[in-house]
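Each chain is listed here by its residues.
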There are 2 protein chains.
Amino acid sequence: MLITRAPIRDQVYRHILEQVDRGDLPAGSRVRDTALAVVLGVSRTPVREALLRLAGDGVLDAEAGRGFRVRRLDRAEIGEVGAMLGALEPLALELSSEILPERLARLEAVAERLERTRGDALRCIDLDDEWHRILLEGCPNQRLLRLIATLRQIPRRYLHAYLREAGRVSLSTIHHSRVLQALRRGERATAAELLRRRWQRGVKEMESWIP
Amino acid sequence: MLITRAPIRDQVYRHILEQVDRGDLPAGSRVRDTALAVVLGVSRTPVREALLRLAGDGVLDAEAGRGFRVRRLDRAEIGEVGAMLGALEPLALELSSEILPERLARLEAVAERLERTRGDALRCIDLDDEWHRILLEGCPNQRLLRLIATLRQIPRRYLHAYLREAGRVSLSTIHHSRVLQALRRGERATAAELLRRRWQRGVKEMESWIP
DNA sequence: CAATTAAACAATGTATACAGTATCCGGTAT
DNA sequence: ATACCGGATACTGTATACATTGTTTAATTG
């Protein structure tokens, strides 16, 4: 058995992130460390550590002396983060080692599960996340992967809200199969270009929807 | 008069960063929150908040239960961060608004000061930082700029160590004038490409020097 | 004498306490 | 009625306290 001792701050971090994603903590609402600490049964210290990290990640806003609140969805923000991911994900793909058939198979499997998963928007987003993780896991630049994972939290929140409020319940899966085709033909650059374009189009779709 | 109330954690953050850059806290050495708190005359709380942020930035390592230590210089790390900056800085430049003559003049001024500054390595690095800041400040993607600033902390530490230990006392300034020339001709893409190449070459130079 | 272990010490992670501010609410004056 | 003031409340940022865990040292045993 693997004994693991995860710091409380990390658990709290994930908890709040999930609450924000699910919309339990609506955009603009205040996040009080005291209240959270009581609910979670821990002290304010690790809660504040998690909140500070989330503020650094751009999920929360931290005004000095006024505490934290959930950042509002904002056209500019999704555009900014989209531009960054549109550069970084293709970079990660290009830096990757040869993509072995085993990985292609796993990508196909996840894509298929994603296609079958209709109606459960949250699950769709998780599967799409996993698909991208598998796609890029061959990149030796661990630091780049960590950054991508952190950045993706932002569009994920937008996507959650989008699927929730715009009533859509699944993601387009054409993109996945196109990328896969390119990879099967060994055309890494093409696949990278597809990723880049996907971010451009995805951002536009969200921007046109945001209030 | 502008009354400003900077959180202690931010001041501590900058303080530690400077200590690390200057080599006062050598790579691999432990950073004890208690000791720092005593020295700075504050409590452990804001010190720990600063340390956690520095760990997130990759300046420190944080092993659970074993506190913090200054991350060791490592060939892989400079390569990883260099690859990221080599993608992000050109992106920021390409997203920038037209670069006005006023900014070109400021770039020239800083480049000139940099050329005159020989012997003071720390000052050189600061000026090089400022040059890049001015170069990219026209980019409307604030978030990208913040990320670049954070990431640059890593190579800056390597550069500090390099100039200190390899005995070099100034930076090559050819790069700056080449980029400036391209910008004067209005060739933004060329300038971006120069930035990309600079990171590739800079990283190689450091990698060949690191133990 | 080397290896091992246990006990004292020290440092981390978390909890609690405190001081200073912002926020909210009711009252008063215009 | 509305705008302004004052007090009470609540919350943030920082300090301090505590418990657990890692580290070191010294003693003991093979």
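Scroll up to find the structure this text is about.
Below is a summary of the structure that appears in this document.

Conventions we followed
- Sequence order as written defines residue numbering, which begins from 1 separately in each chain.
- Written order determines the labels here, with chains lettered from A and ligands numbered from 1.
- The model is predicted, so local features are restricted to residues of pLDDT at least 70 and side-chain atom pairs to those at 80 or more, both for listing and for counting; the totals for chains, interfaces and linings are taken over all residues.
- Just so you know, side-chain values use all the structure's heavy atoms and leave hydrogens and water out.
- Only buried residues count toward a nonpolar core. Its members are Ala, Val, Leu, Ile, Met, Phe, Trp, Tyr and Cys residues joined through side-chain atoms within 4.5 Å.
- Think of it in three bands: residues with accessible area under 20% of the maximum for their type are buried, residues over 50% are exposed, and the middle band is partly exposed, with areas taken using a 1.4 Å probe on protein chains only.
- The criterion used for residue contact is that any of the two residues' heavy atoms lie within 4.5 Å.
- Salt bridge criterion: a side-chain nitrogen from Lys or Arg within 4 Å of a carboxyl oxygen from Asp or Glu.
- Put simply, DSSP H or I for four residues or longer makes a helix, DSSP E for two residues or longer makes a strand, and each gets a number counted from the N terminus.
- Polar contact criterion, stated in full: a pair of N or O atoms within 3.5 Å, where within protein one must be able to donate a hydrogen and the other to accept it, and residues adjacent in sequence count only if both atoms are side-chain atoms.
- What counts as an axis is a line fitted to C-alpha atoms, over the stretch in contact for a helix, and the angles between N-to-C directions run from 0 to 180 degrees.
- When an angle is under 35 degrees it counts as roughly parallel; over 145 it counts as roughly antiparallel; between 65 and 115 it counts as roughly perpendicular; any other value is oblique.
- The hand of a helix crossing depends on one turn: near helix anticlockwise from the far one by less than a right angle means left-handed, and clockwise means right-handed.
- Each copy is superposed on the other by least squares, with the fit set by C-alpha atoms of residues at a pLDDT of at least 70 in both.
- Near residues are defined by distance, with any heavy atom within 4 Å of the molecule or strand qualifying the residue.
- Each residue is assigned to one class: nonpolar for Ala, Val, Leu, Ile, Met, Phe, Trp, Tyr, Cys and Pro, charged for Asp, Glu, Lys and Arg, and polar for all the others, Gly among them.
- As a working definition, buried area equals the accessible area (1.4 Å probe) given up by two parts on being put together, with both sides summed.

1. Description of the nonpolar core
Within the largest apolar cluster, 132 residues are counted, with the highest numbers of intra-cluster contacts made by I16, L60 and L135 of chain A together with I16 and L135 of chain B. Setting aside residues no more than four positions away along its own chain, L135 of chain A makes contact with L93, R103, L107, V179, L183 and L195 of chain A.

2. A word on the pattern of salt bridges
Residue and element names in this part refer to chain A. Taken as a whole and assessed by the stated rule, the structure comprises 45 salt bridges over all chains. The partner of D61 in a salt bridge is R71, with the nearest N and O atoms 3.0 Å apart. Placement of D61 in strand β2 (residues 60–63) and of R71 in the loop between β3 (67–70) and α4 (75–95) is noted, with a sequence separation of 10 residues between them. Of the residues examined, R71 reaches a relative accessible area of 23% and is grouped as partly exposed.

3. Considerations on the side chain of E89 of chain B
Residue and element names in this part refer to chain B. Considering the arrangement of structural elements, one finds E89 in helix α4 (residues 75–95). Among the polar contacts made by the side chain of E89, one reaches the side chain of R152 at a distance of 2.8 Å. Excluding anything up to four places from it in sequence, E89 contacts H132, L136, I148, R152, L195 and W199.

4. Quick notes on the packing of helix α8 (residues 174–184) of chain A against helix α9 (residues 188–209) of chain A
All names here are of chain A. Here α8 crosses α9 at 160°, and the two axes come no closer than 7 Å. Compared by their axis directions, α8 and α9 come out roughly antiparallel. As for how α8 packs across α9, the hand of that crossing is left-handed. Touching H175, R178, V179, A182 and L183 of α8 are R188, T190, A191, L194, L195 and R198, all from α9.

5. Side note on the relation of the copies chain B and chain A
Between chain B and chain A, which share one sequence, the superposing operator has a rotation angle of 180° and an axial displacement of 0.0 Å; the RMSD is 0.0 Å. Each copy turns onto its partner about a two-fold axis. Most of the interface of chain B is mirrored in chain A, where 100% of its interface residues are also at the interface.

6. Digging into the protein's contact with DNA strand C
Around DNA strand C, the surrounding shell holds 21 residues, and the nearest of these are S43 and T45 of chain A together with D33, R44 and R48 of chain B. Per the 4 Å cut-off to the protein, sugar and phosphate atoms form 61% of the nearby atoms of DNA strand C. Here I8 of chain A contributes a backbone N or O atom positioned 2.9 Å from a phosphate oxygen of DNA strand C. At a separation of 2.6 Å, a phosphate oxygen of DNA strand C approaches a polar backbone atom of S43 of chain A. Element by element, the count of residues in the surface near DNA strand C is highest for helix α3 (residues 44–57) of chain A, at 3 residues. Across the surface near DNA strand C, the residue classes tally to 6 nonpolar, 5 polar and 10 charged.

7. Considerations on the interface of chain B and chain A
When the parts of a complex come together, some accessible area is lost, and that lost area is often taken as the interface size. Listed as interface residues are 26 residues of chain B and, on the opposing side, 26 residues of chain A. Approximately 2100 Å² of surface area, both sides summed, lies buried where chain B meets chain A, with 57% of it carried by carbon and sulfur atoms. For chain B, the biggest contributors to the area lost against chain A are E80, M84 and R143 of chain B; these three give 32% of the whole. Joining chain B to chain A, the criterion identifies 3 salt bridges. Of the charged contacts, one joins R143 of chain A and E77 of chain B as a salt bridge, the two residues approaching to 3.2 Å between their closest N and O atoms. Taken together, the connections running from chain B to chain A amount to 10 residue pairs in polar contact (both at pLDDT 80 or more). Listing elements by their share of the side of chain B that touches chain A, those giving two or more residues are α3 (44–57), α4 and α7 (142–165) of chain B. Looking at which element gives the most residues to the side of chain B that touches chain A, the answer is α4 of chain B, with 9 residues. By residue class, the composition of the side of chain B that touches chain A is 13 nonpolar, 4 polar and 9 charged.

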